[in-house]
Amino acid sequence: MVIDRQARLVEVESWGDYFLFTLDSPEIAAQARPGQFLMIRVSETTQPLLRRPISLHNAEGNRLQIFFQVAGEGTRLLSLKKTGQCLDLIGPLGKGFNVRPEFRDREIYCVGGGRGIAPLYYLGKELRAAGARPVIFYGGRRAGDLPLRNRLESAGFEVLVSTDDGSAGFPGFVTSLVEEELKKRKPAFLYACGPDPMMEKLAETCRRENLPAEFSLESIMGCGFGACWGCVKKIRMDGQEKYLKVCQDGPVFSLEEIVWQEKEHG
Amino acid sequence: MVDLSVDLGFLKLKNPVLAASGTFGYGLEFKPFYDLELLGGFVVKGLYLKPREGNRPPRLVETPSGLINSIGLQGIGVEAFCREILPELAGLKTAVIVNVCGEEEDEYARVAEYLSRHRGIAALELNISCPNVREGGRCPAQSPEATHRTVKKVKQVTSLPLITKLSPNVTDITAVALAAEEAGTEAISLINTLLAMAIDLETRKPRLGNIMGGLSGPAIKPIALRMVFQVARAVKVPVIGMGGIFSAEDALEFMMAGAAAVQVGTANFVDPDACLKIIRGLETWAEKHGIKKISEVTGSLQL
Ligand SMILES: Cc1cc2nc3c(=O)[nH]c(=O)nc-3n(C[C@H](O)[C@H](O)[C@H](O)COP(=O)(O)OP(=O)(O)OC[C@H]3O[C@@H](n4cnc5c(N)ncnc54)[C@H](O)[C@@H]3O)c2cc1C
Ligand SMILES: Cc1cc2nc3c(=O)[nH]c(=O)nc-3n(C[C@H](O)[C@H](O)[C@H](O)COP(=O)(O)O)c2cc1C
Ligand code: FES
């Protein structure tokens, strides 16, 4: 975990609201693992005040990549950065996905909804390096919400897409697409990242199918490195339910650990 | 060379910058970023007798130049702290201050007593001002009488120096400060967070699981500064100022208003090395202004 205030932005690609940044950050890149994230300073003033958590989309050599969707003021300011400018990063943070040796020669499902696709490219690469066969499920509202489809396909991954409005791929939720595929073939493991309702539905499916899984959770973060206790979620551990820090104990948790909250306000 | 050290009477600090409770974990979280011994000191997260679960999420919401939190003092409790964390902090050449909490007045005394039996603690900071643990944000620091009683009880069971941390959620902060001083506190720190809230327009629900929380960050600085000024004029014990300090200039304002030392809170989240930058900034400012001892700045406000 380091602070890199000189992470130079070397390349920007964009599709509407979605952005792919390539950054020079040798120290962070050297330590990074799939599923970990960065805390990025988006403003030089106190508005917005806090850094924003963004997953590692890829790390290779001295370079990092992030993929994000503009969701509000912070990500909007981030999207305005130009090549040649330097970003201020803290990372790599959190515990990543666990890739196990027994995945060799097995099919592994990686399910991403919307911006949740971000960490799955990096994970897919690691799975492939471990001899596993990742199948990437990519769901979006409409065809325009699948900007990484080509990139994933060109990298040689098997990619199955779905759109809520049926404008590309399977018509319907990505969770239904996963259910359809499960009728045909059973993977050894499932990883997921996306909106809570998607992951909660997938958790149900995994339990029913006896499919072990890991999920990457989101939470509003004050610090990203364990100092504020602001990012907690209910997690089951040693038979007890407790609030654990998403930034430090996660963001990746296993199926059995996550206690899905119906809604957080009561 | 500027002499950055400050003498609080009961405690000498190598510089006037302390990291504030609840924003610095148990200290260890910041070890990857810099050498903790460069700090004047740090105040660890508030501790109760027993581990606490804290409030339901969401626990954070950002507002203009501010942060509202409703953590609710989640933590490991004083026993686990003394067993697992304190041994790692005890050897550090910097002031380790422990933030003491209580559900009721007796618990403060029991936590303080427990801590007093351990080595490596420079002082206790009595957190009678957390807005997040009682109904409606109430706390002992809202009443001079309750403040007096609590400080007195704690003084009876510990020989460690006591810093009493005040709440800004009062009409007359000086009355509470005077009560704490009367009861024998060695110093006063202020301010804790301001009781606040935010609403999600779409769901029409509060944006914090606990409905209300405490506001910190640059948004509260002018209020904090005013209160530090008022308290420093009213009491004789040293005052430790905080609330929205993000730069050396902010820290200097608090010192001019009468603070002998300062604490840096929310800034640690944005820049984990914020305290270091502020310490360096103080040095640079003093050099530029021909000031040999930083402590000369305290109370130098011209009226
Ligand atoms: C570990 C982690 C990894 C993430 N990785 C990515 C990524 O790779 N790509 C990407 O596009 N986004 C990612 N996010 C989400 C991203 O952090 C938020 O979209 C961003 O912080 C919103 O900031 P903003 O100022 O643009 O919007 P705001 O105006 O702050 O908020 C806009 C909306 O997003 C919600 N929100 C705010 N902060 C968060 C948050 N931390 N997590 C989820 N929702 C939030 C708000 O409640 C609001 O509804 C990640 C979040 C986490 C916790
Ligand atoms: C997330 C968070 C947790 C806090 N926890 C504590 C605590 O445990 N004990 C305490 O006395 N103050 C606590 N505080 C208050 C700070 O120590 C400080 O008084 C306040 O945030 C104002 O300073 P700042 O604006 O520099 O953050 C907390 C503040 C924040 C933001
Ligand atoms: S974001 Fe601060 S503890 Fe997790």
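Residues numbered from 1 in each chain as written. Chains lettered and ligands numbered in written order. Predicted model: local features only at pLDDT ≥ 70, side-chain atom pairs only at ≥ 80, totals over all residues.

Some points on the overall build of chain A
Stated precisely, the cut-off is as follows: Each helix is a run of H or I in the DSSP string that is no shorter than four residues. Each strand is a run of E no shorter than two, and both are numbered from the N terminus. To get the radius of gyration, use the C-alpha atoms; to get the globule rule, take the number of residues to the power 0.38 and multiply by 2.2 Å. To sort residues by burial, count the other C-beta atoms lying within 10 Å of each one's C-beta; a count of 20 or more means buried, 12 or fewer means exposed, and anything in between means partly exposed. C-beta atoms are built from the backbone. Contact between two residues is assigned when their C-beta atoms, built from the backbone, lie within 7 Å.
What chain A contains, in helices and strands, is 6 helices and 16 strands. Taken against the 2.2 N^0.38 rule, which gives 18 Å for 266 residues, the C-alpha radius of gyration of chain A at 18 Å falls within 12% of a compact globule. Considering only C-alpha atoms, chain A reaches an extent of 50 × 45 × 35 Å along its principal axes. Burial statistics for chain A: of 266 residues in total, 49% are counted as buried. Considering only residue pairs separated by 6 or more positions, chain A has 63% of its internal contacts joining residues 24 or more positions apart.

Details of the overall build of chain B
Check the secondary structure of chain B and you find 8 helices and 16 strands. Against the compact-globule benchmark of 19 Å for 303 residues, chain B has a radius of gyration of 18 Å, which places it among compact chains. Considered along the principal axes of its C-alpha atoms, chain B spans approximately 55 × 50 × 40 Å. In chain B, buried positions account for 58% of the 303 residues. Residue pairs at least 24 apart in sequence account for 72% of intrachain contacts in chain B once pairs closer than 6 positions are excluded.

A closer look at the site of ligand 1
Residue and element names in this part refer to chain A. Stated formally: Near, for a residue, is defined by distance from a backbone-placed C-beta atom to a molecule or strand, with 6 Å as the limit that must not be exceeded. Throughout, the ten residues Ala, Val, Leu, Ile, Met, Phe, Trp, Tyr, Cys and Pro are labelled nonpolar, Asp, Glu, Lys and Arg are labelled charged, and all others, Gly among them, are labelled polar.
Around ligand 1 there are 21 residues in total, and Phe68, Gly72, Gly74, Thr75 and Ala118 lie nearest to it. Residue assignment for the shell around ligand 1 shows that the elements contributing at least two residues are strand E4 (52-55), strand E6 (63-69) and helix H2 (73-79). When residues of the shell around ligand 1 are assigned to their parent elements, the largest contribution, 4 residues, is made by E4. Of the residues assigned to the shell around ligand 1, the class counts are 11 nonpolar, 6 polar and 4 charged.

Some details on the domain arrangement of chain A
All names here are of chain A. Selection rule: Residue ranges for the domains originate in an automatic or database domain assignment.
By the assigned domains, chain A splits into domain 1 (2-93), domain 2 (101-216) and domain 3 (217-266). Between the C-alpha centres of domain 2 and domain 3 the distance comes to 22 Å. Contact with domain 2, which involves 8 residues of that partner, is made by 8 residues of domain 3. Elements supplying a minimum of two residues to the side of domain 2 that touches domain 3: helix H6 (196-209) and strand E13 (213-216).

A look at the interface of chain B and chain A
Between chain B and chain A, the contact holds 31 residues from the first and 24 residues from the second. Elements represented by at least two residues in the side of chain B that touches chain A include exactly strand E5 (60-63), strand E6 (66-69) and helix H7 (267-270) of chain B.

Description of the nonpolar core
All names here are of chain B. What counts here: Only buried residues count toward a nonpolar core: Ala, Val, Leu, Ile, Met, Phe, Trp, Tyr and Cys, linked into one set through C-beta atoms within 7 Å.
Formed by 187 residues in total, the largest nonpolar core has its most connected members in Val228, Ala259 and Val262. Of all the elements, helix H5 (residues 221-234) adds the most residues to this core, at 7 residues. The contact partners of Ala259, leaving out residues within four places of it in the chain, are Val228, Ala232, Val239, Ile240, Gly241, Phe254 and Thr298.

So, the sheet that holds E4 of chain A
All names here are of chain A. Put simply, the test is: When DSSP finds two or more bridges between two strands, those strands count as paired. Axis angles are defined between N-to-C directions and span 0 to 180 degrees, where every axis is a line fitted to C-alpha atoms and, for a helix, only to the segment in contact.
The antiparallel open sheet is built from 7 strands, whose spatial order is E4-E3-E7-E1-E2-E6-E5. Every other strand in the sheet has two partners, leaving E4 and strand E5 (58-60) as the edge strands with one partner each. The average undirected angle you get between the axes of adjacent strands in this sheet is 35°. Note: strand E2 (residues 18-24) against E6, 7 bridges, orientation antiparallel. Residue pairing across strands places Phe21 opposite Ile66, the latter belonging to E6.

Brief notes about the UniProt feature "binding site: FMN" (unreviewed entry) in chain B
All names here are of chain B. Going by this rule: UniProt positions are given in the numbering used here, feature names are shortened, and annotations may be inferred rather than shown by experiment.
In the numbering used here, UniProt assigns the "binding site: FMN" (unreviewed entry) feature to Ser21, Lys45, Gly46, Asn99, Asn127, Lys165, Ile191, Gly217, Gly243, Gly244, Gly265 and Thr266. Note on placement: Ser21 falls in the loop between strand E3 (17-19) and strand E4 (41-47). The buried category is assigned to Ser21, around which 27 C-beta atoms lie within 10 Å. Setting aside anything within four residues of it in sequence, one finds Ser21 in contact with Val43, Val44, Lys45, Gly46, Asn99, Glu125 and Asn127. Here Asn127 is to be found in strand E8 (residues 123-127). With residues near it in sequence (within four places) discarded, Asn127 still touches Ser21, Gly46, Asn99, Val100, Cys101 and Lys165.

Some remarks on the UniProt feature "binding site: FAD" (unreviewed entry) in chain A
All names here are of chain A. Using the residue numbers shown here, the UniProt feature "binding site: FAD" (unreviewed entry) corresponds to Arg52, Pro53, Ile54, Ser55, Gly74 and Thr75. Residue position: Thr75 is located in helix H2. Apart from the residues within four sequence positions on either side, Thr75 is in contact with Arg52, Phe68, Gln69 and Val70.

Considering the packing of helix H5 (residues 174-184) of chain A against H6 of chain A
All names here are of chain A. To keep things clear, this is the line we draw: Note on angle classes: values under 35 degrees are labelled roughly parallel, values over 145 roughly antiparallel, values of 65 to 115 roughly perpendicular, and the remainder oblique. Note on convention: the crossing is left-handed when the near helix lies turned anticlockwise from the far helix by less than a right angle, right-handed when the turn is clockwise.
In contact at an axis separation of 9 Å, H5 and H6 are set at 20° when each is read in the N-to-C sense. One element, H5, and the other, H6, form an angle in the roughly parallel class. The element H5 and its partner H6 pack so that their crossing is right-handed. From H5, Val174, Thr175, Val178, Glu179 and Leu182 reach across to H6, where they touch Met198, Lys201, Leu202, Thr205 and Glu209.

What to know about the site of ligand 2
Close to ligand 2 lie 30 residues, the nearest being Gly22, Gly46, Ser216, Gly265 and Thr266 of chain B. Two or more chains meet at ligand 2, and those chains are chains A and B. Of all the secondary-structure elements, those providing two or more residues to the shell around ligand 2 are E4 and E6 of chain B.

Overview of the UniProt feature "binding site: [2Fe-2S] cluster" (unreviewed entry) in chain A
Residues and elements named next belong to chain A. Look at the UniProt record and you will see "binding site: [2Fe-2S] cluster" (unreviewed entry) annotated at Cys223, Cys228, Cys231 and Cys247. Look at the named residues: they lie 25 residues apart in sequence, but the longest C-alpha span between them is just 10.1 Å, so in the fold they bunch up. Mapping Cys223 onto the fold places it in the loop between E13 and strand E14 (232-237). Classification of Cys223 as buried rests on a count of 30 C-beta atoms within 10 Å.

Observations concerning the UniProt feature "active site" (unreviewed entry) in chain B
Residue and element names in this part refer to chain B. UniProt records the feature "active site" (unreviewed entry) for Cys130 in the present numbering. As for its position among the elements, Cys130 is in the loop between E8 and helix H3 (144-157). Judged by the 25 C-beta atoms lying within 10 Å of it, Cys130 is buried. If we skip the residues at most four places from it in the chain, Cys130 touches Gly46, Leu73, Cys101, Cys139 and Asn192.

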